[in-house]
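A look at the structure
Next come the chains, spelled out residue by residue.
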Amino acid sequence: MNPETPIFIAGHGGMVGAAVVRELRRQGFSRLLLRTRFELDLCNGRAVEEFYRKERPGAVLVAAARVGGIHANQTYPAEFIRENLAIALNLIHGAHRHGVPRLLFLGSSCIYPRSASQPMSEDCLLTGPLEPTNEAYAIAKIAGLKLAQFYRRQHGVLFHSAMPTNLYGPGDFYHPTNSHVLPAMLRRFHEAREQGAPQVTLWGSGSPRREFLHVDDLARACVHLMSLADPPDWVNVGTGTDISIRELAEHVRDVTGYGGELVWDTSRPEGTPRKLLCIDRIAATGWSPRIEWREGVARTYQNYLQERAEGRLRE
Ligand SMILES: NC(=O)c1ccc[n+]([C@@H]2O[C@H](COP(=O)([O-])OP(=O)(O)OC[C@H]3O[C@@H](n4cnc5c(N)ncnc54)[C@H](OP(=O)(O)O)[C@@H]3O)[C@@H](O)[C@H]2O)c1
């Protein structure tokens, strides 16, 4: 992509969107089109059309979405499927109608079947039932991936997708119950240390295994994919390695300096037993992750402390 290309980053205020803006600026891209939700509600198809007609971006990155942890997905399934379907349809169809040549849609590894063999390659899509705790969100993301694929096939536009694994890093969302496991843990352990709590109780058994990718690595992958002349229709983006939730909890305990006891509440849902992506396809295009999870978590705790101190913690 030419550094003068006007690029629309949908969701630039979110964790991923902000990281992509940092990476594009670091690589010398100067014409970034950024709109807050209040300036442009992406669920409003007419407003999105008007934006495209006026601004005519040369490329679009779809990093906007209704995102959340197990509790939020289970409590608001109707919003999760409606808003994510609307965002995908408005941005992908609108881009085609207004001649945007290039678009990268972001989905998530939850698009793959609950009991897919691990690590999960792109080819296991639609080969089995989804994880029930986030099915609404997963179906909207599969629809977005297929929208991009079929607009590309029918109209020859360079619309493609990336499916990241669990992400973490600066600008994450730290709501006590509605956020993802890692930000929830960082906050929980930090507050427990501050309050001198004797123990911290975590959901599940600690045995599920998860993969965590630092958002700056994902941002590099997005810019890399948007510079490929013929990218795959969709690619997984991850580290290719996983850890147990217990290992993660013990590292977060150490990083936050919490000295109390860890208790596991096995009456609570814990999601799929294992979720690890196969990253051979993106690796074959020349991208690889750089930030190791222990180092990444330690850096992210410092981000958390700074965001708190500056009153800009998202919660
Ligand atoms: N976080 C993860 O672990 C993870 C893992 C895999 C894939 N992903 C994917 O990565 C993408 C970004 O996720 P994220 O973690 O960066 O989420 P995030 O921090 O919640 O950011 C989402 C952004 O989208 C904006 N947005 C949502 N609905 C909108 C609307 N109707 N109109 C305008 N803006 C709207 C939000 O605006 P407000 O700030 O106003 O709410 C926010 O800035 C998503 O597609 C997600 O599926 C995330």
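Our subject is the structure that appears above.
Residues numbered from 1 in each chain as written. Predicted model: local features only at pLDDT ≥ 70, side-chain atom pairs only at ≥ 80, totals over all residues. Heavy atoms only, no water.

Next up on the list: the overall build of the protein. Within the protein, the regular secondary structure consists of ten helices and 13 strands. For 315 residues, the compact-globule estimate of 2.2 N^0.38 gives 20 Å, and the protein sits close to it at 19 Å. Structurally, the protein occupies a C-alpha span of about 60 × 45 × 40 Å along its principal axes. Split into buried and exposed, the 315 residues of the protein put 53% on the buried side. Of the contacts formed within the protein by residues at least 6 apart in sequence, a portion of 81% connects residues at least 24 apart. Accessible area of the protein: about 13,800 Å², with a carbon and sulfur share of 50%. Averaging the positions of the 37 positive and the 34 negative side-chain charges in the protein gives two centres separated by 4 Å. (Helix = DSSP H or I, 4+ residues; strand = E, 2+ residues; numbered from the N terminus. Rg over C-alpha atoms; globule rule 2.2 N^0.38 Å. Buried < 20%, exposed > 50% of the residue type's maximum accessible area, 1.4 Å probe, protein only. Contact = heavy atoms within 4.5 Å. Areas by Shrake-Rupley, 256 points an atom, 1.4 Å probe, with all protein chains shown as cover. Lys, Arg positive; Asp, Glu negative; His and termini not counted. Charge placed at Lys NZ, Arg CZ, Asp CG, Glu CD.)

Moving on: the environment of Arg22. Within the secondary structure layout, Arg22 lies in helix H1 (residues 15-26). Residue Arg22 is classed as partly exposed on the basis of its relative accessible area of 37%. With ten residues separating them in the primary sequence, Arg22 and His12 have C-alpha atoms 9.9 Å apart. Discounting chain neighbours no more than four positions away, the residues touching Arg22 are Pro170, Val215 and Asp216.

The strand order S11-S8-S13 describes an open sheet built from three strands, whose pairing is mixed. Where the open sheet ends on each side, the last strands, each with one partner, are strand S11 (243-244) and strand S13 (274-275). Pairing of strand S8 (residues 209-210) with S11, which is carried by two bridges, proceeds in the antiparallel orientation. In the strand pairing of S11, Arg210 is matched with Ile243. (Pairing = 2+ DSSP bridges.)

Applying the stated rule across the entire model yields 24 salt bridges. Close ionic contact of Arg187 with Glu315 constitutes a salt bridge, the shortest N to O distance being 2.6 Å. Here the residue Arg187 occupies a position in helix H6 (residues 181-195), and Glu315 occupies one in the segment after helix H10 (293-309), the gap between them amounting to 128 residues. Overall, Arg187 belongs to the buried group, its relative accessible area being 14%. Each of Arg209, Asp242, Glu247 and Arg274 takes part in a single network of salt bridges with overlapping partners. (Salt bridge = Lys/Arg side-chain N within 4 Å of Asp/Glu carboxyl O.)

In this section: the side chain of Glu122. Position of Glu122 among the secondary structure elements: in the loop between strand S4 (102-106) and helix H5 (135-155). Not counting chain neighbours up to four residues away, the residues in contact with Glu122 comprise Tyr112, Trp234, Val235, Asn236, Cys278 and Arg281.

On to the state of the cysteines. By definition, a disulfide links two cysteine residues through a covalent bond between their sulfur atoms. Applying the stated criterion to the full structure yields zero disulfides. The cysteine Cys110 is free of any disulfide, with Cys124 supplying the nearest cysteine sulfur at 12 Å. What makes Cys110 buried here is its relative accessible area of 6%. Left without a disulfide partner, Cys124 is nearest to the cysteine sulfur of Cys278, which lies 9.5 Å away. (Disulfide = S-S within 2.5 Å.)

With that settled, the discussion passes to the side chain of Thr272. By secondary structure assignment, the location of Thr272 is in the loop between strand S12 (261-265) and S13. On the basis of relative accessible area, Thr272 is assigned to the buried category, the value being 6%.

Taken together, 26 residues lie around the ligand, and Val16, Arg37, Tyr137, Lys141 and Arg314 are the ones closest in. Asp41 is positioned such that a nitrogen or oxygen atom in its side chain is 2.9 Å from a nitrogen atom of the ligand. A distance of 2.4 Å separates an oxygen atom of the ligand from a polar atom in the side chain of Tyr137. Within the complex, 89% of the 890 Å² of free accessible area of the ligand lies under protein. Contributions of two or more residues to the shell around the ligand are made by H1, H5 and strand S6 (166-168). (Near = heavy atom within 4 Å. Polar contact = N/O pair within 3.5 Å; in protein donor to acceptor, adjacent residues only side chain to side chain.)

Before going further, it helps to examine the sheet that holds S4. Spatial strand order, S2-S1-S3-S4-S5-S10: six strands in an open sheet with parallel pairing. Unpaired on one side and paired on the other, strand S2 (32-33) and strand S10 (234-237) mark the two borders of the sheet. Judged from the four bridges that link them, strand S5 (residues 158-164) and S10 form a sheet pairing that is parallel. Bridging across to S10, Pro164 finds its partner in Val237. Its contacts with the sheet place helix H4 (residues 77-97) against strand S1 (7-10), strand S3 (59-62), S4 and S5, and it is angled at close to 170° to S4. (Axes fitted to C-alpha atoms, helices over the stretch in contact; angles between N-to-C directions.)

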